[in-house]
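# Secondary and tertiary structure notes
As a plain string of letters, each chain reads:
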Amino acid sequence: MEIEKGQIIELLKQVIHPEYGKNIIDAEILKEVTTSQNNVHIVLGFKRKNDPLSDSLRITCENKIKNAFPNVVLIIDVIEAMVHTLKKEEAPNRLANVKHIIVVASGKGGVGKSTVAANIAVAFSLNGKKVGLLDADIFGPSVPKLFGVEGSKPVATKIGGFDAIEPIEKFGIKIMSIGFLVAPETALLWRGPIASSALKQIIQETNWGDLDYLIVDTPPGTSDIHLTLLQSITIAGVVVVSTPQQVALADVTKAVEMFRNEKLNVPILGIVENMAWFTPPELPDKKYYIFGKNGCAALAEKYHIFLLGQIPISESICENSDKGNPSVLNLSSIEGKAFAELALKIEDKINNNLI
Ligand code: ADP
């Protein structure tokens, strides 16, 4: 009986390269097939001749062909050849199934940007949304602490032959932070371009899966990291966090100008005034404007930015953050309600295209 080339190719389509997750034809391992009567000659090409998988794949091919054609005279050659499967540009887009990416930014450090990012992520999740949180504050990652998951080590895997990192899950949120991957001292030594490329790699390699929202907590201020981030992914909008102090507001102006600059042109969803006032527990009707009154409202008006919400100063916000329990988990508290309302405003803006 004459063996046909097409029959051999059909058989070899069943041989899967375990690392690439593709059959050896799609993985460009099968280089040649020739047949003549019951003689079959196939050539398998690997990047290295002593590739650790070359033996097992050769044997699998041999078994497949011999099982189907017991009288075959088979020669399998293994050669060194170019394999293009691992080309970088073919790497899958792990953000493909993320519906909306929201960047949380601030002009200055210490204004509560990470606290707001964490609480809106939890609020979305409590509303039944699929949520991811990326801590891109590469020099001062605080998300692991805010969720009580410091010291967690994400598992590195391969999906379809490409590196993938499994995010850490807490409160139903998929969390990824540079803080899980390198010691803070190491990140502090990085120069801008290294930090930017580390961040790009984390974004590209994290297995985000299907998400309604990915919240990105960025470093304070305006930096190359922002440029890299904002140019490499499509953002639904930015949430700017500030306190009402004049010094903080001056830096917010710079951040707003960066986002609106023609090179980036990223929509600003609005501004959140954090630490807006203090109400002593024994005087629940009083509001003390410790950092100034309505500073963010004035700035919002001047720059035509929406004021998304105001969060009071509260000891419990600080305590809950330290314990890894974002305040919004307690929806009956004043702070919890303030964060929940903020999250609803943001969702409303995104879903109704109100930017
Ligand atoms: P950033 O990300 O802007 O650097 P953080 O979110 O880390 O700021 O907050 C800085 C500190 O302020 C933290 O200790 C946090 O718990 C505290 N904090 C944030 N918002 C409030 C608030 N509304 N009331 C009291 N403490 C707050």
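The structure under discussion appears in the preceding block.
Here the residue index of a chain counts from 1 through its sequence in written order. Given that the model is predicted, a residue must reach a pLDDT of at least 70 before its local features are reported, and side-chain atom pairs must reach 80 or more before they are shown or counted; all residues, however, enter totals for whole chains, interfaces and linings. With hydrogens and water set aside, each side-chain value is computed from the structure's full complement of heavy atoms.

On to the environment of Ser 36. To qualify as a helix, a DSSP run of H or I must reach at least 4 residues; to qualify as a strand, a run of E must reach at least 2; elements of each kind are numbered from the N terminus. Relative to the assigned elements, Ser 36 resides in strand β3 (residues 30-36). Throughout, exposure labels follow a simple rule: accessible area from a 1.4 Å probe, protein chains only, divided by the maximum for the residue type, with under 20% read as buried, over 50% as exposed, and the rest as partly exposed. When its relative accessible area of 39% is taken as the criterion, Ser 36 is described as partly exposed. For Ser 36 and Pro 267, which are 231 residues apart along the polypeptide, the C-alpha to C-alpha distance reads 64 Å.

Once that is clear, we can look at the packing of helix α3 (residues 113-126) against helix α12 (residues 334-351). Between two packed helices, both the angle of their axes relative to each other and the distance between the axes serve to describe the pair. At a closest axis distance of 9 Å, the pairing of α3 and α12 adopts a crossing angle of 75 degrees. With respect to their mutual orientation, α3 and α12 come out roughly perpendicular. Note on element contacts: α12 touches α3 through Phe 339, Ala 340, Leu 342, Ala 343, Ile 346 and Glu 347, opposite Thr 115, Val 116, Asn 119, Ile 120, Ala 123 and Phe 124. Three categories are distinguished: nonpolar for Ala, Val, Leu, Ile, Met, Phe, Trp, Tyr, Cys and Pro, charged for Asp, Glu, Lys and Arg, and polar for the others, with Gly belonging to the last. Its residues assigned to classes, the contact of α3 with α12 comprises nine nonpolar, two polar and one charged. Angular values range over 0 to 180 degrees, each being the angle between N-to-C directions of two axes fitted as lines to C-alpha atoms, with helices fitted over their stretch in contact. Oblique is the label for any angle not covered by the other classes, which are roughly parallel (under 35 degrees), roughly antiparallel (over 145) and roughly perpendicular (65 to 115). The contact definition used throughout considers only heavy atoms, calling two residues in contact when any of these lie within 4.5 Å.

Turning to the pattern of salt bridges, a few remarks are in order. Any Lys or Arg side-chain nitrogen located within 4 Å of an Asp or Glu carboxyl oxygen qualifies as a salt bridge. Overall, the coordinates contain eleven salt bridges when judged by the stated rule. Salt-bridge contacts for Glu 62 lead to Arg 58; the nearest nitrogen and oxygen are separated by 3.6 Å. Of this pair, Glu 62 and Arg 58 both sit in helix α2 (residues 54-68), four residues apart, which is roughly one turn of the helix. The class for Arg 58 is partly exposed, based on a relative accessible area of 24%.

Where helix α1 (residues 5-12) meets α2, the axes come as close as 10 Å, and the angle between the chain directions of the two elements is 130 degrees. Comparing their axes, α2 and α1 come out oblique. By crossing handedness, the relation of α1 to α2 is classed as right-handed. Facing α1, whose interface residues are Ile 8, Leu 11 and Leu 12, α2 presents Cys 61, Lys 64, Ile 65 and Ala 68. When grouped by side-chain class, the residues that make up the contact of α1 with α2 number six nonpolar, no polar and one charged. In this scheme the handedness of a crossing depends on how the near helix is turned from the far one: anticlockwise by less than a right angle means left-handed, clockwise means right-handed.

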